[in-house]
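Chain by chain, the residues:
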Amino acid sequence: MFVVCLCARFQSNPKESHFKDAKRILKYLRGTTSVGLWYPSPSPINLVGYSDSDFAGANWIKKSISGRCHLLGSSLISWHNKKQACVALSIGKAEYIVAGIY
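In this text, all values refer to a predicted model and were calculated from it rather than measured experimentally.

Novice: Could you clarify how one ought to interpret the overall build of the chain in this entry?
Specialist: Secondary structure assignment for the chain yields 3 helices and 3 strands. Here the chain, with 102 residues, has 16% of them falling under the buried criterion. Taking all contacts inside the chain whose residues are at least 6 apart in sequence as the whole, residues at least 24 apart take part in 40%. Carbon and sulfur atoms make up 61% of the accessible area of the chain, which amounts to about 8,100 Å² in all.

Now the structure itself:
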């Protein structure tokens, strides 16, 4: 998923190298058609979400990165991370920003 998101950044102005990367992603996906999510039957089906952020983790831009994930039972069903829109001056502020985003 990381590579797909990285390629998506260039979808408005793709270059030849991006098309090669997209072909490589599709070849990978073709080989993983038997892979899927596993939901064991004895586990309870509770939806749980977690979010977190780091303080200035992207050193090159001095912005915090926030992330979240959702679990259904014991299986991961979604995750997302992104750079925060503003610069946080402390870890508390970074956590507060991520709480407001999600």
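Here the narrative resumes, following the displayed structure.
Novice: In this structure, what is going on with a nonpolar patch on the surface? I would like to understand it.
Specialist: Nonpolar side chains collect at one region of the surface, where Phe2, Val3 and Leu6 lie side by side and expose about 280 Å² of accessible area between them. Tracing the chain through its elements places Val3 in helix H1 (residues 2-8). Residue classification places Val3 among the partly exposed positions, given a relative accessible area of 45%.

Novice: Explain the environment of Leu47 to me, please; I cannot follow it from the model alone.
Specialist: The topology assignment puts Leu47 in strand S1 (residues 47-58). A relative accessible area of 59% means that Leu47 is categorised as exposed. Residues Leu47 and Leu76 lie 29 residues apart in sequence; the distance between their C-alpha atoms is 9.9 Å. Here Leu47 is in contact with His70, Leu71, Leu72 and Ile77, once residues within four sequence places are set aside.

Novice: Would you mind going over the environment of Leu72 with me for this structure?
Specialist: Relative to the helices and strands, Leu72 resides in strand S2 (residues 63-72). When its relative accessible area of 25% is taken as the criterion, Leu72 is described as partly exposed.

Novice: Which parts of the structure should I look at to understand the confidence of the model for the chain?
Specialist: Detail in the predicted coordinates should be disregarded across regions flagged by low pLDDT. Confidence along the chain averages 76 in pLDDT terms, with 66% of residues attaining 70 or more. By mean pLDDT, the top-scoring element of the chain is helix H2 (residues 16-30) (88), and the lowest-scoring one is helix H3 (residues 91-101) (65).

So, how was this worked out
Residues numbered from 1 in each chain as written. Predicted model: local features only at pLDDT ≥ 70, side-chain atom pairs only at ≥ 80, totals over all residues. Heavy atoms only, no water. Helix = DSSP H or I, 4+ residues; strand = E, 2+ residues; numbered from the N terminus. Buried < 20%, exposed > 50% of the residue type's maximum accessible area, 1.4 Å probe, protein only. Contact = heavy atoms within 4.5 Å. Areas by Shrake-Rupley, 256 points an atom, 1.4 Å probe, with all protein chains shown as cover. Patch = residues over 30% accessible without salt bridge, like charges linked within 9 Å, V, L, I, M, F, W, Y side chains within 5 Å. Salt bridge = Lys/Arg side-chain N within 4 Å of Asp/Glu carboxyl O. pLDDT = per-residue confidence, 0-100.

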